[in-house]
Amino acid sequence: MNFTKLNNNGLVDGFGILTKCEKKTSSRGGAYLDMILSDNDGEISAKLWDYNENTHGKFETDMFVKVRGTISQYNGADQLRVEKMRKVTSEDNVDITDYVRHAGYTGEYMYNKITETINAFSDEDLKKLVGTIFTENKEKYYERHRNNHNRRHHCRNIFPAAAVFPNLLYSV
């Protein structure tokens with residue numbers, strides 16, 4: 001994670017995406033948020049102890065947030081103890097796309113690679129079926145690519161089987 005170090009005691013602040021955000025109850029009965037915060041460099045486990053929605057605000061998975069807290073070790077891994085957290089605003093002057101991990105390929109390149117995979121199918125009926133479905137959704141894909149800041153899901157949303165199970169399609 002790319003945090004700005006604020007002091008020598010581990011206090012940091014920065015921006016990230018909540019890739020996991022669950023409200024839980026501690027062994028002492030208090031509410032807390034158990035989170036995974038990520039950016040284009042990696043992720044870190046994060047906790048917001050004594051969580052109160054009225055005081056802290058409402059947070060959920062896929063939210064882009066600004067955090068301040070202290071990094072410490074817990075069970076051999078870094079963990080961020082969140083002191084302050086809020087949704088990112090336009091005044092922060094940050095772009096979510098700078099914080100999202102992505103493949104590093106253009107939409108056109110990914111589309112062409114999937115088209116090549118479809119064209120390599122040995123079963124002509126399957127090739128026609130999958131090719132038609134994929135081609136009919138090309139505009140939806142490009143529109144989503146232009147408008148959706150969360151690039152993590154693009155490949156999955158285009159065609160899950162080609163992205164996740166390419167060998168399965170060849171065996172049908």
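Reading the values: rules and limits
Along each chain, the written sequence defines residue order, and numbers are assigned to residues from 1. This being a predicted model, a pLDDT of at least 70 is required before a residue's local features are given, and a value of 80 or more before pairs of side-chain atoms are given or counted; all residues contribute to the totals for chains, interfaces and linings. Only hydrogens and water are set aside; all other atoms, that is, all heavy atoms of the structure, feed into the side-chain values. Under the scheme applied here, a residue whose accessible area is under 20% of the maximum for its type counts as buried, over 50% as exposed, and between as partly exposed, the area being computed with a 1.4 Å probe on protein chains only. Each helix is a run of DSSP H or I of at least 4 residues and each strand a run of E of at least 2, with the numbering of both proceeding from the N terminus. Between any two strands, at least two bridges found by DSSP are needed for them to pair. Here, expected helix span is obtained from the residue count minus one, scaled by 1.5 Å. Directions drawn from the helix axis to the C-beta atoms are what define this arc. Residue contacts follow a heavy-atom distance rule, with two residues in contact if any of their heavy atoms lie within 4.5 Å. Two N or O atoms count as a polar contact when they lie within 3.5 Å, although within protein this holds only if one can serve as hydrogen donor and the other as acceptor, and sequence-adjacent residues are included solely when both atoms are side-chain atoms. The term salt bridge refers to a pairing of a side-chain nitrogen on Lys or Arg with a carboxyl oxygen on Asp or Glu at a separation within 4 Å. Only the contacting stretch of a helix is used when fitting its axis, a line to C-alpha atoms as for every element, and angles between N-to-C directions run 0 to 180 degrees. Orientation is classified from the angle alone, with under 35 degrees giving roughly parallel, over 145 giving roughly antiparallel, 65 to 115 giving roughly perpendicular, and any other angle giving oblique. Left-handed is the label given to a crossing in which the near helix is rotated counterclockwise from the far helix by less than a right angle, and right-handed is the label when the rotation is clockwise. Residue classes follow a fixed rule: Ala, Val, Leu, Ile, Met, Phe, Trp, Tyr, Cys and Pro count as nonpolar, while Asp, Glu, Lys and Arg count as charged, and any other residue, Gly among them, counts as polar.

A. Layout of the pairing of strand β3 (residues 31-39). Counting buried positions along β3 gives 7 out of 9 residues, so the element sits mostly inside the fold. Sheet topology places strand β2 (residues 11-25) next to β3; 8 bridges connect them, and they run antiparallel. Looking at β3, one finds that Lys20 is bridged to Ile36. Hairpin geometry of β2 and β3 is characterised by an intervening segment of 5 residues between the two adjacent antiparallel strands and by a positive phi of about 95 degrees at Gly29.

B. Looking closely at helix α2 (residues 107-119). Here α2 spans 18 Å end to end across 13 residues, near enough to the 18 Å set by a 1.5 Å rise per residue. Residues Gly107, Met110, Tyr111, Ile114 and Ile118 constitute the buried set of α2. Down the axis of α2, the buried side of the element spans an arc of 100 degrees, and every buried residue falls inside it.

C. A look at the environment of Tyr32. Relative to the helices and strands, Tyr32 is located in strand β3. On the basis of relative accessible area, Tyr32 is assigned to the buried category, the value being 12%. Sequence-wise, Tyr32 and Lys47 are 15 residues apart; in three dimensions their C-alpha atoms are separated by 6.9 Å. When residues no more than four places from it in sequence are discounted, the contact partners of Tyr32 are Glu22, Lys23, Lys24, Thr25, Ser26, Lys47, Leu48, Trp49, Asp50 and Tyr51.

D. Looking closely at helix α3 (residues 124-136). Along its 13 residues, α3 runs 18 Å from first to last C-alpha, staying within 8% of the 18 Å computed at 1.5 Å per residue. For α3, the complete set of buried residues consists of Leu126, Val130, Gly131 and Phe134. Take α3 and look down its axis: the buried residues cluster within an arc of 120 degrees, on one side only. Facing away from the buried surface of α3 by more than 90 degrees, the exposed residues are Glu124, Asp125, Lys128, Leu129 and Glu136. Looking at where α3 begins, the residue whose side-chain oxygen comes 2.9 Å from the main-chain nitrogen of Asp125 is Asp123.

E. How the structure looks around the pattern of salt bridges. Applying the stated criterion across every chain yields a total of 8 salt bridges. A salt bridge links Lys20 to Asp34; the shortest N-O distance between them is 3.0 Å. Highlighted residues: Lys20 in strand β2 and Asp34 in strand β3, separated in sequence by 14 residues. Lys20 sits in the partly exposed class, given a relative accessible area of 26%.

F. Spatial organisation of the packing of α2 against α3. Put simply, α2 and α3 touch, their axes get as near as 9 Å, and they point 160 degrees apart. Looking at the two axes, α2 sits roughly antiparallel to α3. For the crossing formed where α2 meets α3, the hand is left-handed. Along its contact with α2, which presents Tyr111, Ile114, Thr115, Ile118 and Asn119, the element α3 presents Lys127, Val130, Gly131, Phe134 and Thr135. Its residues assigned to classes, the contact of α2 with α3 shows 5 nonpolar, 4 polar and 1 charged.

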